[in-house]
Amino acid sequence: MKKTIISNSSDETFSFASELGKNIQKKSIVALYGTLGAGKTIFAKGLAAGLGIVDEITSPSFSLLEVYEGDITFYHFDLYRIDDRDEFLNLSFEEFWEGDGVSVIEWPEIAENILPKHRINVWIEYIDENIRRITIEYPDN
Ligand SMILES: Nc1ncnc2c1ncn2[C@@H]1O[C@H](COP(=O)(O)OP(=O)(O)OP(=O)(O)O)[C@@H](O)[C@H]1O
Ligand SMILES: [Mg+2]
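What this report covers is the structure whose coordinates are included nearby.

Here's the deal with the packing of aromatic side chains
The geometry of an aromatic ring pair is captured by two quantities: the separation of the ring centres and the angle between the planes.
Move 1: Tallying each qualifying case throughout the model produces 4 aromatic pairs.
Move 2: The interplanar angle of 65 degrees and the centroid separation of 6.3 Å between the aromatic rings of Phe16 and Phe43 together place this pair among those described as edge-to-face. Pair noted here: Phe16 is in helix α1 (residues 10–23) and Phe43 is in helix α2 (residues 40–51), with a separation of 27 residues, a long-range link. A single burial state applies to Phe16 and to Phe43, both of which are buried.
Move 3: Aromatic pair Tyr80 and Trp107: ring centres 4.9 Å apart, planes at 45 degrees, arrangement tilted.

Digging into the side chain of Thr41
Move 1: Tracing the backbone through its elements, the reader meets Thr41 in helix α2.
Move 2: A residue is classified by how much of its surface remains accessible, and Thr41, at 16% relative accessible area, is buried.
Move 3: Here Thr41 is in contact with Ser59, His76 and Glu106, once residues within four sequence places are set aside.

Structural notes on the coordination of the magnesium ion (ligand 2)
Move 1: Around the magnesium ion (ligand 2), the protein contributes the donor atoms Thr41 (OG1) and Glu106 (OE), at 2.1 to 2.2 Å from the metal centre. Within this pair, whereas Thr41 is found in helix α2, its partner Glu106 is found in strand β5 (residues 102–106), the two being separated by 65 residues in sequence.
Move 2: Using a relative accessible area of 3% as the deciding quantity, one classes Glu106 as buried.

Comments concerning the environment of Ser10
Move 1: Mapped onto the elements of the fold, Ser10 is located in helix α1.
Move 2: In this structure the C-alpha to C-alpha distance between Ser10 and Phe43, which are 33 residues apart in sequence, comes to 8.5 Å.

Section: the layout of surface pockets
Move 1: One number sums up the size of the largest pocket: a volume of about 440 Å³.
Move 2: In this structure, the largest pocket is lined by 18 residues; those nearest its centre are Ile24, Gln25, Ser28, Ile120 and Tyr138.
Move 3: Looking at the lining of the largest pocket element by element, the count peaks at 4 residues for α1.
Move 4: Classifying every residue of the lining of the largest pocket gives 8 nonpolar, 5 polar and 5 charged.

Criteria and thresholds
- Position numbers for residues start from 1 in each chain and track the written sequence from start to end.
- Here every chain gets a letter starting at A, and every ligand a number starting at 1, in the order they are written.
- Local features are withheld for residues below a pLDDT of 70 in this predicted model, meaning they are given only at 70 or higher, and side-chain atom pairs are given and counted only at 80 or more; totals for whole chains, interfaces and linings count all residues.
- Derived side-chain values reflect all non-hydrogen atoms in the structure, with water molecules and hydrogen atoms excluded from consideration.
- Here a Phe, Tyr or Trp ring, Trp counted by its six-membered ring, pairs with any other such ring whose centre lies within 6.5 Å, and the pair is stacked when the planes are under 30 degrees apart, edge-to-face when over 60, and tilted otherwise.
- Numbering of helices and strands runs from the N terminus; a helix is a DSSP stretch of H or I covering at least four residues, while a strand is a stretch of E covering at least two.
- Residue burial is assigned from relative accessible area. The probe radius is 1.4 Å, only protein chains are included, and a residue is buried under 20% of its type maximum, exposed over 50%, and partly exposed in between.
- In what follows, a contact means two residues having at least one pair of non-hydrogen atoms within 4.5 Å.
- In this description, a donor is an N, O or S atom within 2.8 Å of the metal centre, a cutoff extended to 3.2 Å for sodium, potassium and calcium. Water is not part of the atom list, which can make sites seem incomplete.
- Cavities and pockets are found on a 1 Å grid laid over the protein atoms alone: a cavity is a set of points where a 1.4 Å probe fits but cannot escape, a pocket is an open set with protein on both sides within 12 Å along at least five of seven lines, and a lining residue has an atom within 4 Å of such a point.
- Grid points are joined across faces, edges and corners, and a volume is the space filled by probe spheres set on the points.
- Gly falls in the polar group here, along with every residue not listed as nonpolar (Ala, Val, Leu, Ile, Met, Phe, Trp, Tyr, Cys, Pro) or charged (Asp, Glu, Lys, Arg).

This is how it looks when you write it as structure tokens:
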């Protein structure tokens, strides 16, 4: 199932993602697609808030993964800096998304072949300075 919304501000993107986080099942994997500055990290922050994570979510600029403990563990990946698929495979990230937490992955392209097909895909498209088109695709059950 696919659903598209227009977000008129980063707050709207945050709220939309937070609703998703409130309803999401553990073990969910969310792949966040979008260009630089599209709003992937804002979306990840909203999702974390919806999960009840109270820690401040940072942009994991210098790390590939940040882990936040809550009722559900939240794994925030940013694969932007991985430029080599073998390098990625050596990191064994699948151990995380096979666990009980919720994983959100910015720049998931490099991991596409090993990411579970059963996942939520989100595309954030830049329309103008404050407007984004957000498409969310839920896996078939
Ligand atoms: N409707 C909107 N939704 C989300 N962000 C918006 C929106 N309008 C403006 N913005 C701004 O766009 C920027 C999005 O930044 P963010 O760090 O979330 O992007 P990103 O996709 O994670 O970028 P990167 O690829 O560098 O990780 C923020 O400065 C935010 O305020
Ligand atoms: Mg980001």
